[in-house]
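# Working through the structure, step by step
Below are the chains, spelled out letter by letter.
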Amino acid sequence: MAAGIVDIAVPEVGTPIDNSHFESIGLTDEWIKRRSGISTRRWLASDTSLAGVAAEACRPLVSRQDDPSTIGALIVVSTSVRQRVPGIAQQVAALAGLTGSVLAFDMNAACCGFVYALTTGLSLCDSGQARSVVVCTVEAMSTMVDKTDRQTACIFADGAAAVLLSAREEFAPFRHLAGGDGTQTALMRETDAGGIHLDGAAVYERAVHRMTETAERLCAFDPRPSVLVGHQANGRILEQVRAFTTELEVPFINRIENHGNTSSASIPLAFGGALQDGSVPSRGRLGAVAYGAGEAWGGVSVSYGIG
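Scope of this entry: the structure provided in the associated data block. Just so it is clear, the model here is predicted, and its values are computed rather than measured.

Criteria and cut-off values
Every chain begins its residue count from 1, and numbering advances along the sequence as written. It should be noted that, the model being predicted, local features are given only for residues of pLDDT at least 70 and side-chain atom pairs only at 80 or more, the latter also being counted only at that level, while totals for whole chains, interfaces and linings use all residues. Just so you know, side-chain values use all the structure's heavy atoms and leave hydrogens and water out. Runs of H or I in DSSP of at least four residues are treated as helices and runs of E of at least two as strands, each being numbered from the N terminus. C-alpha atoms define the radius of gyration in this analysis, and the globule rule sets the expected value at 2.2 Å times the number of residues to the power 0.38. A 1.4 Å probe rolled over the protein chains alone gives each residue an accessible area, and that area as a share of the maximum for its type sets the label: buried under 20%, exposed over 50%, partly exposed in between. By the convention used here, residues are in contact when the closest approach between their heavy atoms is within 4.5 Å. The protein chains shown are the only cover counted for residues, whose accessible areas, like all others here, come from Shrake-Rupley with a 1.4 Å probe. Neither His nor the chain ends is counted toward charge; the positive residues are Lys and Arg and the negative residues Asp and Glu. Where a charge lies is defined by one atom per residue type: Lys uses NZ, Arg uses CZ, Asp uses CG and Glu uses CD. Using a 1 Å grid laid over the protein atoms alone, points where a 1.4 Å probe fits but cannot get out form a cavity; open sets with protein on both sides within 12 Å along at least 5 of 7 lines form a pocket; any residue with an atom within 4 Å of a point counts as lining. Grid points are joined across faces, edges and corners, and a volume is the space filled by probe spheres set on the points. Under the scheme applied here, ten amino acids are nonpolar (Ala, Val, Leu, Ile, Met, Phe, Trp, Tyr, Cys and Pro), four are charged (Asp, Glu, Lys and Arg), and all others, including Gly, are polar. Working definition of a nonpolar core: buried Ala, Val, Leu, Ile, Met, Phe, Trp, Tyr and Cys residues. They are joined through side-chain atoms within 4.5 Å. Working definition: the arc comes from the directions between the helix axis and the C-beta atoms, pointing outward to the latter. One speaks of a salt bridge when a side-chain nitrogen belonging to Lys or Arg is within 4 Å of a carboxyl oxygen belonging to Asp or Glu. Whether two strands pair comes down to DSSP finding at least two bridges between them.

Our focus in this paragraph is the overall build of the protein. Assigned secondary structure in the protein consists of 7 helices and 14 strands. For the protein, whose C-alpha radius of gyration is 18 Å, the value lies close to the compact-globule estimate of 19 Å for 307 residues. Projected onto its principal axes, the C-alpha positions of the protein cover 55 × 45 × 40 Å. Each of the 307 residues in the protein was classed as buried or not, and the buried ones make up 56%. The contacts in the protein between residues at least 6 apart in sequence include a share of 76% that link residues at least 24 apart. Element-wise, carbon and sulfur atoms account for 49% of the exposed surface of the protein, whose accessible area totals about 12600 Å². Side chains of the protein carry 24 positive and 32 negative charges; the gap between the two charge centres is 1 Å.

Turning our attention to the layout of surface pockets. Quantified by volume, the largest pocket comes out at close to 690 Å³. Residue lining of the largest pocket: 34 residues in total, with Phe156, Met188, Leu198, Val203 and Asn261 positioned closest to the centre. Within the residue set of the lining of the largest pocket, elements represented by two or more residues are α1 (29–36), β9 (188–190), β10 (196–198), α5 (200–218), α6 (235–244) and β13 (283–292). It is α5 that contributes the most residues to the lining of the largest pocket, 4 residues altogether. By residue class, the composition of the lining of the largest pocket is 18 nonpolar, 10 polar and 6 charged. Quantified by volume, the second largest pocket comes out at close to 400 Å³.

Among the nonpolar cores identified, the biggest contains 42 residues, and Ile5, Val133, Val135, Leu165, Phe271, Leu286 and Tyr304 are the most heavily contacted of them. With 7 residues, helix α4 (residues 113–126) is the largest single contributor of residues to this core. Setting aside anything within four residues of it in sequence, one finds Val135 in contact with Ile75, Val77, Phe114, Ala117, Ala161, Ala162, Val163 and Leu165.

If you trace the backbone, Asp7 turns up in strand β1 (residues 2–9). In contact with Asp7, other than residues within four places in its own chain, are Leu61, Arg64, Ala162, Val163, Leu164 and Ile306.

The complete set of buried residues in helix α3 (residues 89–96) reads Ala89, Val92, Ala93 and Ala96. Here the buried residues of α3 occupy an arc of 100 degrees about the axis, which is enough to place them on one side. Where α3 is buried, its residues contact α2 (50–63), β4 (71–77) and β5 (103–107). Looking at the residues trailing α3, positive phi occurs at Gly97, about 95 degrees.

On inspection of all chains with the given rule, the structure shows 11 salt bridges. Note that Arg34 and Glu30 form a salt bridge whose closest N and O atoms lie 2.9 Å from each other. You can see Arg34 and its partner Glu30 sitting in helix α1, 4 residues apart, about one turn around the helix. Judged by relative accessible area, which is 47%, Glu30 ranks as partly exposed. Through salt bridges that share partners, Asp181, Arg206 and Glu295 make up one connected network.

The subject of this paragraph is the pairing of strand β6 (residues 132–140). Here β6 lies mainly inside the structure; 9 of its 9 residues are buried. Across the two faces of β6 the burial is the same, with Ser132, Val134, Cys136, Val138 and Ala140 and Val133, Val135, Thr137 and Glu139 all buried. With 6 bridges joining them, β4 and β6 adopt parallel strand pairing. Among the inter-strand pairings, Ile71 is bridged to a residue of β6, identified as Ser132. The pairing of β6 with strand β7 (residues 158–168) spans 9 bridges and is classified as antiparallel. Looking at β7, one finds that Thr137 is bridged to Ala161.

As structure tokens, this is what we get:
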């Protein structure tokens, strides 16, 4: 018996923003699609409660449990929560219907947050410290970007998703990889003036290299992933990783067109969308790979069975 993903929720939150929105800063639909692969994305209203959005993602997972008290931990992942103390995890737990003795905490690992939280949650389940764990990610990246910045305004987006982790007899043990380089913090960072700085060329090169290498290493483990989902950073990055991993003969998911870059939420949003439309089967092995600010990168190979 080993821990894996047994349920997922990917609510649609916010308002759709198509590429025509950026004509005022000199960007065309054709240019945005060619440079990023994005056609539309969702933005939350500036006064939206991220705890409320996160709870919306978690609530279906809780309500589908015969006994919600078996959920022993909640990890809330976000890059864009502005309130540091207290964090929002306890509030999310209460709003989602998780009461009593629940280990609830916030995690910030930028675009790698979902991978790192999966590793933590799966470890809690496999160690017997929690029968089930909810990993929720919620992002409002639109509140962090400078909307006049032609490099970043059209890329970043908002979203939320949650997965339920639990142990099953048919699951194989998860495997994970992780790394970081604190000397590269200047590549991607929030600026003092407001907005996000990206060293585009360096980020592109390093993201492709790190995610490709991580995917290759995950596929060397037994059992191999049956589907690969990369952090939905940029369409050109994703297609380059797909090209470099073709020989692995594992389907690679790119769904950035209608989501944009939602930081830590991008992997579960892409995976959940693929499950909903039947692009991937309801049972298999997910290989999730990510690269983000910090500099941080990593991957998880985990069994899943939904429904």
